[in-house]
Amino acid sequence: MMGAMEVAGLCLCVAAGLIQPHSAAAQSGTALAGALASGAVSGASGSAAASAPAATASPSGPGYEPVQFGGSSGLSAAISPVASPADQADMRANATPPVRPAAGASGEFEIWLQRITGHPIHRFGANLLVPSAHDFMAPATTAIPPDYAINVGDVIAVAMTGSVEGSAEFTVDREGRIFLPHVGAVQLAGVHYRDLKERVAAAIGTQFRGFDATVSIRRLHGIRVYVTGFAQTPGVYTVSSLSTLLNAVLAAGGPNAGGSFRSVKLYRNGQELRDFDLYDVLRRGSREGDAVLQNEDVLFIPPVGPQVAAIGSINEEAIYEIRPGETLEQVLAMAGGPSQLADDGRGVLYRLSDRDTVGSRTLDRAALVATPAVGGDILQIVNKGALVRPVERQSVLVRLEGEVNHPGNYFVAPGTPLARVLDMAGGLTPKAFAYGTRLTRLSVREQQRENYQTALDQMETSLVSSALAAAGDKQAQVAAVHTLVQRLRQTEPDGRLVLNLPVGAQGLPGDMTLENNDHILIPARIDTVGVFGAVYRPASFSLHGEPPQTVREFIDRAGGAQRLADRGGIFVVRANGDVLSRRKGVLHAQVQPGDVIFVPVRAMPSTVLTKIRDITQMVFQMGLSAAAVAAL
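Reading guide: rules and limits
- Residues numbered from 1 in each chain as written.
- Predicted model: local features only at pLDDT ≥ 70, side-chain atom pairs only at ≥ 80, totals over all residues.
- Heavy atoms only, no water.
- Helix = DSSP H or I, 4+ residues; strand = E, 2+ residues; numbered from the N terminus.
- Buried < 20%, exposed > 50% of the residue type's maximum accessible area, 1.4 Å probe, protein only.
- Areas by Shrake-Rupley, 256 points an atom, 1.4 Å probe, with all protein chains shown as cover.
- Pairing = 2+ DSSP bridges.
- Phe/Tyr/Trp six-rings, centres within 6.5 Å; stacked < 30°, edge-to-face > 60°.
- Axes fitted to C-alpha atoms, helices over the stretch in contact; angles between N-to-C directions.
- Parallel < 35°, antiparallel > 145°, perpendicular 65-115°, else oblique.
- Contact = heavy atoms within 4.5 Å.
- Polar contact = N/O pair within 3.5 Å; in protein donor to acceptor, adjacent residues only side chain to side chain.
- Salt bridge = Lys/Arg side-chain N within 4 Å of Asp/Glu carboxyl O.
- Expected span 1.5 Å × (residues − 1).
- Patch = residues over 30% accessible without salt bridge, like charges linked within 9 Å, V, L, I, M, F, W, Y side chains within 5 Å.
- Lys, Arg positive; Asp, Glu negative; His and termini not counted.
- Charge placed at Lys NZ, Arg CZ, Asp CG, Glu CD.
- pLDDT = per-residue confidence, 0-100.
- Core = buried A, V, L, I, M, F, W, Y, C linked by side-chain atoms within 4.5 Å.

## Re the overall build of the chain
Line of reasoning, step 1. Looking only at helices and strands, the chain features 15 helices and 27 strands.
Line of reasoning, step 2. The burial tally for the chain puts 45% of its 632 residues in the buried class.
Line of reasoning, step 3. On the chain, roughly 30,700 Å² of surface is accessible, and the fraction owed to carbon and sulfur atoms is 52%.

## Remarks on the sheet that holds strand 23 (residues 528-533)
What links the strands of a sheet is backbone hydrogen bonding, and the strands pair in either a parallel or an antiparallel sense.
Line of reasoning, step 1. Judged by pairing direction, the sheet is mixed, and its five strands sit side by side in the order 24-23-27-25-26 without closing on themselves. The outermost strands of the open sheet, each flanked by one partner alone, are strand 24 (539-542) and strand 26 (579-580).

## A closer look at the packing of aromatic side chains
Line of reasoning, step 1. For the structure shown, the criterion picks out six aromatic pairs.
Line of reasoning, step 2. Linked through ring pairs, Phe 124, Tyr 279 and Tyr 320 together constitute an aromatic cluster.

## A look at the packing of helix 11 (residues 442-469) against helix 12 (residues 474-489)
Line of reasoning, step 1. Running from N to C, helix 11 and helix 12 cross one another at 170°; their axes reach a closest spacing of 9 Å. Judged on the interaxial angle alone, helix 12 and helix 11 are roughly antiparallel. Along its contact with helix 11, which presents Tyr 452, Gln 453, Leu 456, Asp 457, Met 459, Glu 460, Leu 463, Val 464, Ala 467 and Leu 468, the element helix 12 presents Lys 474, Gln 477, Val 478, Val 481, His 482, Val 485, Leu 488 and Arg 489.

## Observations regarding the environment of His 119
Line of reasoning, step 1. With respect to the helices and strands, the residue His 119 is situated in the loop between helix 4 (108-117) and strand 2 (142-143).
Line of reasoning, step 2. A polar atom in the side chain of His 119 sits 3.1 Å from the side chain of Glu 317.

## Describing unusual backbone geometry
Line of reasoning, step 1. At His 182, a position not held by glycine, the phi torsion is positive, near 70°.
Line of reasoning, step 2. Considering the arrangement of structural elements, one finds His 182 in the loop between strand 5 (177-180) and strand 6 (184-187).
Line of reasoning, step 3. The phi dihedral of Asn 517 is positive, around 70°, even though this residue is not glycine.
Line of reasoning, step 4. Take Asn 517: its relative accessible area is 38%, and that puts it in the partly exposed class.

## What to know about the pattern of salt bridges
For side chains bearing opposite charge, pairing can occur when the charged atoms are close.
Line of reasoning, step 1. Scanning all chains against the criterion turns up 29 salt bridges.
Line of reasoning, step 2. In this structure, Glu 321 engages Arg 123 in a salt bridge whose closest nitrogen and oxygen atoms are separated by 3.5 Å. Residue Glu 321 is found in strand 14 (residues 318-321), and its partner Arg 123 is found in the loop between helix 4 and strand 2; the two are separated by 198 residues along the sequence. Summarising the burial analysis for this pair, Glu 321 and Arg 123 share the class buried.
Line of reasoning, step 3. A salt bridge links Arg 268 to Asp 297; its shortest N-O distance comes to 2.7 Å. With Arg 268 in strand 10 (residues 264-268) and Asp 297 in the loop between helix 7 (279-282) and strand 12 (298-301), this residue pair connects regions lying 29 residues apart in the sequence. In this structure, Arg 268 and Asp 297 share a single accessibility class: buried.

## Thoughts on the sheet that holds strand 10
Line of reasoning, step 1. The five strands lie next to each other as 9-8-12-10-11, forming an open sheet whose pairing is mixed. The sheet terminates laterally at strand 9 (235-240) and strand 11 (271-276), the two strands that pair on one side only. Across the sheet, the mean angle separating the axes of adjacent strands is 30° when strand polarity is ignored.
Line of reasoning, step 2. The pairing of strand 10 with strand 11 spans five bridges and is classified as antiparallel. Bridge pairing in strand 11 links Arg 268 to Gln 271.

## Comments concerning the pairing of strand 9
Line of reasoning, step 1. Most of strand 9 sits inside the fold, with five of its six residues counted as buried.
Line of reasoning, step 2. In this sheet, strand 9 lies alongside strand 8 (residues 222-229) in antiparallel orientation, the contact comprising six bridges. Residue pairing across strands places Gly 222 opposite Ser 240, the latter belonging to strand 9.
Line of reasoning, step 3. Hairpin connection between strand 8 and strand 9: a loop of five residues separates the two successive antiparallel strands.

## Here's the deal with the side chain of Arg 351
Line of reasoning, step 1. Along the chain, Arg 351 falls in the loop between strand 15 (346-350) and strand 16 (360-364).
Line of reasoning, step 2. Taking the relative accessible area as the measure of exposure, Arg 351 reaches 12% and is therefore buried.
Line of reasoning, step 3. At a separation of 3.1 Å, a polar atom in the side chain of Arg 351 contacts the main-chain carbonyl oxygen of Pro 372.

## Notes on the pairing of strand 22 (residues 519-522)
Sheet faces and side chains relate simply in a regular strand, where the side chains alternate between the two faces.
Line of reasoning, step 1. Of the two faces of strand 22, only the one carrying Ile 520 and Ile 522 is buried; His 519 and Leu 521 on the other face are not.
Line of reasoning, step 2. In terms of strand pairing, strand 18 (residues 396-402) meets strand 22 through four bridges, oriented parallel. Bridging from a neighbouring strand, Gly 402 pairs with Ile 522 of strand 22.
Line of reasoning, step 3. Across three bridges, the pairing between strand 20 (residues 438-440) and strand 22 is antiparallel. When the sheet's bridge partners are listed, Leu 439 is paired in strand 22 with Ile 520.

## Overview of helix 11
Line of reasoning, step 1. Between the first and last C-alpha of helix 11 there are 41 Å, a value that for 28 residues agrees with the 40 Å anticipated at 1.5 Å per step.
Line of reasoning, step 2. Three or more residues of helix 11 are buried, namely Val 444, Gln 448, Tyr 452, Ala 455, Leu 456, Met 459, Glu 460, Leu 463, Val 464, Ser 466 and Ala 467.

## Regarding helix 5 (residues 196-205)
Line of reasoning, step 1. With seven of 10 residues buried, helix 5 is to be regarded as a mostly interior element.
Line of reasoning, step 2. Those residues of helix 5 lying buried are Leu 196, Lys 197, Val 200, Ala 201, Ala 203, Ile 204 and Gly 205.
Line of reasoning, step 3. Residues of helix 5 that are buried sit in contact with strand 3 (155-162), strand 5, strand 6 and strand 7 (211-219).

## Some points on a positive patch on the surface
Line of reasoning, step 1. On the surface, Arg 552, Arg 563, Arg 567 and Arg 602 cluster together into a patch of positive charge.
Line of reasoning, step 2. One can find Arg 602 in the loop between strand 27 (596-599) and helix 14 (615-621).

## Regarding the confidence of the model for the chain
Line of reasoning, step 1. Confidence in the prediction for the chain averages 78 pLDDT; 75% of positions are at 70 or higher.
Line of reasoning, step 2. This stretch, residues 68-104, has a pLDDT under 50; its non-local contacts, to residues over four places away or in other chains, come to 108 contacts.
Line of reasoning, step 3. The low-confidence segment residues 131-140, where pLDDT is below 50, has 39 contacts with residues more than four positions distant or belonging to other chains.

## Comments concerning the nonpolar core
Note on soluble globular proteins: their nonpolar side chains tend to be buried together.
Line of reasoning, step 1. Membership of the largest hydrophobic core comes to 44 residues, with the highest contact counts inside it found for Leu 245, Leu 293, Leu 299 and Tyr 320.
Line of reasoning, step 2. Considering each element in turn, this core owes the most residues, six residues, to helix 6 (residues 245-251).
Line of reasoning, step 3. Apart from the residues within four sequence positions on either side, Leu 299 is in contact with Tyr 226, Val 227, Thr 228, Leu 245, Ala 248, Val 249, Lys 265, Leu 266 and Leu 293.
Line of reasoning, step 4. Ranked by size, the runner-up nonpolar core spans 27 residues in total, among them Ile 144, Ile 150, Met 160 and Leu 196.

## Observations regarding the side chain of Thr 437
Line of reasoning, step 1. Positionally, Thr 437 belongs in the loop between helix 10 (418-424) and strand 20.
Line of reasoning, step 2. Separated by 2.8 Å, the side chain of Thr 437 and the backbone oxygen of Ala 434 make a polar contact.
Line of reasoning, step 3. Non-local contacts of Thr 437, meaning those with residues more than four positions away in its chain, are made with Arg 496, Leu 499, Leu 508, Ile 520, Leu 521, Ile 522 and Pro 523.

## Regarding the environment of His 221
Line of reasoning, step 1. Structurally, the position occupied by His 221 is in the loop between strand 7 and strand 8.
Line of reasoning, step 2. The buried category is assigned to His 221, whose relative accessible area is 9%.
Line of reasoning, step 3. Taking the C-alpha atoms as reference, His 221 lies 9.5 Å from Val 172; in sequence the two are 49 residues apart.
Line of reasoning, step 4. Polar contacts involving the side chain of His 221 include one to the side chain of Tyr 148, which spans 3.4 Å.

Shown next, in the form of structure tokens:
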């Protein structure tokens, strides 16, 4: 039995607030003292729960040249120090650095690779490890693992029910102990969290019986670690005692352009404890070697190792760091393997030592397995799916619309002529205007697009040169040129293929071989002629019942050309897509159904705009619509 002095001592603890009663039990300090005085607590041994409960700490505190062709999940593990608000403020003040680091500059290999491939190829992992949008000191709720070892500075919460009602918090002192009133010192440093409850309950049981104890970690201590070597921001970091090697690397911004992703060394007490490969996390999702840090640990990021680029039809174009003995097949695996459209049976190797000899080598997959990767290698997987097949081997889908008896989409065999598809569609209707048929083709569009962009580049250079040499406001003229060219670049060629048919044609060229995605629109007969541009009354005129007339006569019917008209630049776009210009005697040509006559504006001869008068004609010749010209 406890003596009177012991009861009085415990009562003083309650009164002083060292043991606070649970509000849920509605026990006051006096009631607890009364329970002790009544002898409800006896002193030889006590009872406790058999095992420690799963606990969660609620932290409140402290990333020869290959053929040119055009072409995340982010990994974040914020450092989660667990401390009181006051401790958190101190840890933030001591953290180095307080500002997130910027991404490092590109390395020499990355810059060289961009120059020879024509597009940027970044280092694998560089955009995954830098937590630019995260504060590594941000609070989080972290589950404490069962094997966590109690350390100096941890705050232990003890709550008791049964014969003794109350709760209190105790900080592990520098000697690794906590002091329980009337129980004495309890050595906890090094005790695993799974054993914490049993250790504390056993100590209390030496003085009390008939109680249940709940023991948890209320706050974790902070530790100081050093991140050195080729890190984005090397320095001293104060982190949570649950932080791992990877957390500290993230806090330092990851390796810089000269740092290794394949080796992060952990030193403890002067000895190398771990060599961690960041690719294990980034590519395989494994943190098996990610050790929990201890106070005064040192992390060292060595210089980057040999690097190899994987480009082409692969799942992730990037620069990959290799370790000794890794093969080209392993590099391909790091890149996610060939893509769905790749020629996956082989790869093209560009090696620095081959630049003055063979240049490049084609290796099959077996050779890739057997060939060790060498720093500076470029492995290219070519695209097989995008190859243009011979017409006779293409699958053909044709869209037929307009004046046919059965418009629709028709799947036909490779090499099918147009006559066969027209038969499938039931032939032309009586109102069909074969001369105005609009056939658009993807291969023609691509050719037009390439030629159009080349013409625009040449025209822009010529116009800018003229603007700089001309009198007047040079800056305004150059700006006008760039504005005009930009508007032209936004207009796409339509891929129209002009059919060589007479105006009165009753059918289409039946022997024409169709290509995949051909689009054929056969309009109804058009009995109008449009006159637009610098005329006094732009309009469309009916040809019904009219005798044959010339382009000049229809311009006169529209009121004639205005004084600002460029009479030498008049042109006509016919219904079949042909363009007639002055060189073809446009003014004396007889109009045809569907013609569009355009009279451009004459530019002032003293300005750069004199060179723009041929643009509208060029636009039509490149396969653009009249609406595009009107928009200029």
